[in-house]
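Listed below are the residues making up each chain.
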Amino acid sequence: MEQKAIYDLLAGHLGEHAIAWHEGEIEPWAEIAPEGINPACVFLRDDQRLDFNQLMCLSGIDWDGFDEAGKGKSLGILGYTDEGAPEASDRVAEGDFGVVYHLYSHGQRHKFTLRVRVARSVAAVPTVSEVWPTAAWHEREAWDLVGITFTGHADLRRMLLEESWEGHPLRKDYVMPASWEGVPMDGRPYAVNPFPATEPEPKGDSTPPAEA
Amino acid sequence: MSTGELKKGGWADQDHVPGIKSELLELNMGPQHPATHGVLRLLLKTDGEIVYQVTPVLGYLHRCAEKIAEGVNYKQWVVYTDRFDYLAPMCCNHAYVTAVEKLMEVEVPRRAEHLRVVTAELSRIASHLIALATFGLDMGAWTPLLYCFREREEILNLLERISGGRMLYNYMVPGGVRYDVPNDGWVESVLEFITMLENKKIKDYNDLLTYNKIFIERTADVGVIDEATAKAYGCTGPVLRGSGVKFDCRRDDSYSIYDKFDFEIPVGMGEQGTVGDCWDRYIVRVREIEQSCRIIRQALESLPDGSVQAIDLIKPVKVPVGAAYSRTESAKGELGHYIISDGGQTAFRNKVRSPSFCNLQVVEKVGVGQMVSDLVALVGSLDIVLGEIDR
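Sequence positions are assigned chain by chain, starting from 1 and proceeding in written order. Chain labels run from A onward and ligand labels from 1 onward, assigned in the order the entries are written. Only residues with pLDDT of 70 or above have their local features reported here, since the model is predicted, and side-chain atom pairs are shown and tallied only from 80 upward, although totals for entire chains, interfaces and linings are computed over all residues. Calculation of side-chain values draws on the structure's entire complement of heavy atoms; hydrogens and water are dropped beforehand.

Participant: Teacher, can you tell me more about helix α5 (residues 143–163) of chain B here?
Facilitator: Within an α-helix, residues lying three or four positions from one another point in the same direction, as the helix has 3.6 residues per turn. All names here are of chain B. By the criteria applied, helices consist of DSSP H or I runs no shorter than four residues and strands consist of E runs no shorter than two, each listed in order from the N terminus. Expected span of a helix, by definition, is 1.5 Å for each gap between consecutive residues, and there is one gap fewer than residues. Compared with an ideal rise of 1.5 Å per residue, which puts 21 residues at 30 Å, α5 spans 30 Å between its outermost C-alpha atoms and is within 8% of the ideal. Along α5, the positions that sit buried rather than exposed are P144, L145, C148, E151, R152, I155, L156, L158, L159, I162 and S163. In a view along the axis of α5, the buried residues occupy a sector of 165°, so they form one face of it. Three labels apply to residues, based on accessible area from a 1.4 Å probe with only protein chains included: buried if under 20% of the type maximum, exposed if over 50%, partly exposed otherwise in between. The directions considered for the arc run from the helix axis to the C-beta atoms.

Participant: What am I meant to see in the confidence of the model for chain B here?
Facilitator: Low pLDDT marks stretches whose predicted atomic positions should not be read closely. Residues and elements named next belong to chain B. pLDDT is a per-residue confidence score from the predictor, ranging from 0 to 100. Mean pLDDT over chain B works out to 87, with 94% of the residues at or above the 70 mark. Contacts: residue pairs with any heavy atoms within 4.5 Å of one another. Contacts from residues 1–8, a stretch scored under 50 in pLDDT, to residues over four places away or in other chains number 22 contacts. For this predicted complex, the interface score ipTM comes out at 0.86, while the overall pTM is 0.85.

Participant: What should I look at first to understand the sheet that holds strand β2 (residues 41–47) of chain B in this one?
Facilitator: The strands making up a sheet are joined through hydrogen bonds of the backbone, oriented either antiparallel or parallel. All names here are of chain B. The three strands are arranged β1-β2-β3 in an open sheet whose pairing can be described as antiparallel. Of all strands in the sheet, those with a lone pairing partner are β1 (25–29) and β3 (50–57), marking the two edges. Looking at each pair of strands side by side, their axes are set apart by 25° on average, direction ignored. Summarising the sheet, β2 and β3 pair through seven bridges and their orientation is antiparallel. For L44, the partnering residue across the bridge sits in β3 and is V54. Paired strands, as defined in this entry, are two strands with at least two bridges between them according to DSSP. All axes are obtained by fitting lines to C-alpha atoms, using only the stretch in contact for helices, and the reported angles, taken between N-to-C directions, cover 0 to 180 degrees.

Participant: Would you mind going over the nonpolar core with me for this structure?
Facilitator: Nonpolar side chains tend to gather and get buried jointly when the protein is soluble and globular. Counting residues in each nonpolar core, the largest one holds 174 residues, and the members touching the most others are A:Y101, A:F112, A:L114 and B:W186. With 12 residues, helix α4 (residues 110–138) of chain B is the single largest residue contributor to this core. Counting contributing residues, this core receives three or more from each of domain 1 (23–62) and domain 2 (109–167 + 179–313) of chain B. When residues no more than four places from it in sequence are discounted, the contact partners of A:Y101 are A:I37, A:L55, A:C57, A:L58, A:F112, A:T113, A:L114, A:V116, A:V125, A:P126 and A:V128. Buried Ala, Val, Leu, Ile, Met, Phe, Trp, Tyr and Cys residues form a nonpolar core when they are joined through side-chain atoms within 4.5 Å. Either an automatic procedure or a domain database provided the assignment from which the domain bounds are taken.

Participant: Sorry if this is basic, but what is going on with the pattern of salt bridges here?
Facilitator: Pairs can form between side chains of opposite charge once their charged atoms are near each other. Residues and elements named next belong to chain B. Here a salt bridge means any side-chain nitrogen of Lys or Arg lying within 4 Å of a carboxyl oxygen belonging to Asp or Glu. In total, this model carries 43 salt bridges over all chains according to the counting rule given. In this structure, the salt-bridge partner of E288 is R241, at a minimum N-O distance of 2.7 Å. With a gap of 47 residues between them, E288 in helix α11 (residues 278–301) and R241 in helix α9 (residues 238–242) connect regions that are remote in the sequence. What makes R241 buried here is its relative accessible area of 0%. Between D252 and R251 there is a salt bridge; the shortest N-O distance is 3.5 Å. Exposure remark for D252: the relative accessible area of 16% places this residue in the buried category.

Participant: Got a minute to help me understand the interface of chain A and chain B in this structure?
Facilitator: Note: interface size is frequently given as the accessible area lost on complex formation between the parts. With 52 residues of chain A at the interface, the matching set in chain B holds 52 residues. Two parts placed together each lose some accessible area under a 1.4 Å probe, and the buried area is that loss summed for both. When the two sides are added together, the surface that chain A and chain B hide from each other amounts to roughly 4,400 Å², 59% of it contributed by carbon and sulfur. Considering only the surface of chain A that becomes buried against chain B, A:I26, A:W137 and A:L160 emerge as the three largest contributors, covering 17% of it. Viewed at the interface, chain B and chain A are joined by five salt bridges. Here a polar contact is taken to be a pair of N or O atoms separated by no more than 3.5 Å, where protein atoms must pair a possible hydrogen donor with a possible acceptor and residues adjacent in sequence count only if both atoms sit in side chains. Linking chain A to chain B there are 17 residue pairs in polar contact (both at pLDDT 80 or more). The element contributing the most residues to the side of chain A that touches chain B is strand β3 (residues 54–62) of chain A, with eight residues. As a working rule, the residues Ala, Val, Leu, Ile, Met, Phe, Trp, Tyr, Cys and Pro are called nonpolar, Asp, Glu, Lys and Arg charged, and the rest polar, with Gly in that last group. For the side of chain A that touches chain B, a count of residues per class yields 24 nonpolar, 12 polar and 16 charged.

Participant: Would you mind showing me how to read the packing of aromatic side chains here?
Facilitator: Centre distance and the angle of the planes are the two values used to describe a pair of aromatic rings. The pairing test for Phe, Tyr and Trp rings, Trp by its six-membered ring, is centres within 6.5 Å, and the orientation test on the planes gives stacked under 30 degrees, edge-to-face over 60, and tilted for anything in between. Inspection of every chain in the model, using the stated rule, returns 13 aromatic pairs over all chains. For the pair B:F215 and B:Y282, a centre-to-centre distance of 4.9 Å together with 65° between the ring planes defines the contact as edge-to-face. Of this pair, B:F215 sits in helix α7 (residues 213–219) while B:Y282 sits in helix α11, and the two are 67 residues apart along the sequence. When its relative accessible area of 3% is taken as the criterion, B:F215 is described as buried. B:Y282 sits in the buried class, given a relative accessible area of 1%. Among the aromatic residues, those joined into a ring-pair cluster are A:Y7, A:W21, A:F52 and A:F112.

Listed below in structure tokens is the structure:
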């Protein structure tokens with residue numbers, strides 16, 4: 001089925017929760033209000049014309065600093081200065097969080113993309129792990145790395161990091177902690193050149209040769 | 001977590017001897033365990049020999065490669081994709097460059113596409129050989145391991161000749177591949193190798209392992225994943241096909257030039273037991289090796305002339321603003337990349353949907369109620385690799 005036709009069916013079912021349809025990109029997508037995501041997913045899965053029985057991918061996104069104009073890098077990775085001190089940032093992250101759902105139907109052989117956007121202060125989206133069990137781990141990963149709470153999730157623990165880890169690394173304002181459980185987080189992050197270009201030390205005898 | 005309303009049949013559920021009840025035992029399987037294929041830790045609750053609950057604990061190999069993707073440019077990140085599925089790095093390279101090219105809308109030279117297909121399929125064969133070997137090893141069969149590693153060694157030699165690396169290649173770049181075919185009869189060597197594999201070696205594996213009575217006893221009717229469970233848990237690749245679903249991204253959601261080739265999609269048919277048991281997942285991999293050989297032969301026989309790189313190899317690429325999810329069939333299943341670009345030289349966000357991550361989740365459901373020794377068979381038949389689970 002055509003992407004737009006799928007959206008029209010969905011919008012007819014959801015009403016005001018279906019916010020907008022974005023066409024014209026490489027991958028068209030539908031924007032859904034967070035409250036509408038669960039009814040939307042149940043409808044997409046159960047309606048025989050749509051039959052989306054597989055959730056291909058669920059991605060948590062921090063939209064902070066995304067530059068629509070396409071000027072390039074919006075905000076670099078925060079890390080350590082060359083002296084080893086945490087890089088201070090006076091910029092307060094304010095962008096929204098987002099969750100993107102990529103669906104596929106084995107029976108109808110069509111795909112569909114849903115996006116949800118939620119304010120940074122809220123950072124919570126209803127879970128869809130009841131609709132597709134595979135979402136449970138994807139959501140745990142999104143909670144772990146991006147810090148989006150999935151309300152109603154039965155087992156929302158960290159997936160890849162330790163339980164005692166602080167912060168969510170894929171947030172744009174994440175600064176790596178100076179130490180973790182007493183272990184110093186030595187080593188500057190990849191974004192900073194560990195071998196800054198400095199004047200090479202003169203080797204051997206550093207005294208200038210005596211003039212003849 | 002499904003501790004479940006399932007009737008386990010173990011002692012903890014029943015009161016065999018009045019007044020005496022057994023207790024659940026917590027057992028750590030891994031992370032240092034020979035049968036978990038890497039640093040996977042399974043936290044088991046067992047009732048005697050019966051598994052009551054399985055909780056996979058991940059992250060021992062976590063490097064946060066997705067954060068690294070926001071700090072290095074598109075070409076530099078190809079190196080990190082090698083480290084995801086380190087048993088089939090060419091497939092991972094292919095998945096990533098396909099995703100970047102989808103956003104860039106760049107035309108890749110035909111010769112490069114053919115070389116990508118050939119190397120990715122060689123990598124897939126190497127990965128499947130490891131899968132057969134280690135699965136046999138888990139089931140107590142030592143000898144096939146040595147046979148499979150011998151053939152894998154040949155593949156590593158072939159890939160070394162074209163890419164310069166034995167294990168990790170960094171061979172593909174957005175816009176093409178790094179090196180053309182070397183002038184030492186590489187094409188003939190590959191054809192010779194796959195002919196040998198098709199005609200002789202696969203028969204060896206079948207004689208040694210596939211139709212071995214002990215092996216069938218250990219794997220048939222064990223760890224059955226039915227079709228509905230496989231789809232709901234997002235299983236892909238040989239796990240999904242083992243459950244009888246004829247789905248392969250190479251044909252059903254074609255990318256690169258796979259639509260030009262003629263090949264079959266083997267599925268599990270329950271020949272030795274139930275559809276979707278461990279033996280079905282195993283046999284799907286054996287038959288996929290044959291199909292990969294067919295693809296390689298067709299790709300090499302129609303190898304066109306021309307350049308192998310459409311974009312300057314040195315300069316970093318810039319990707320226009322946009323977002324796209326692109327999926328490919330890696331050796332383990334559907335490997336997808338969701339890339340969001342803000343027009344710069346690095347990705348704004350690069351989410352990796354790794355097949356092993358999704359396939360492993362199914363043990364939380366299917367592992368319950370099994371014997372501990374059958375859980376080893378189940379995990380072995382899923383053919384996970386921790387590099388891409390933990391990323």
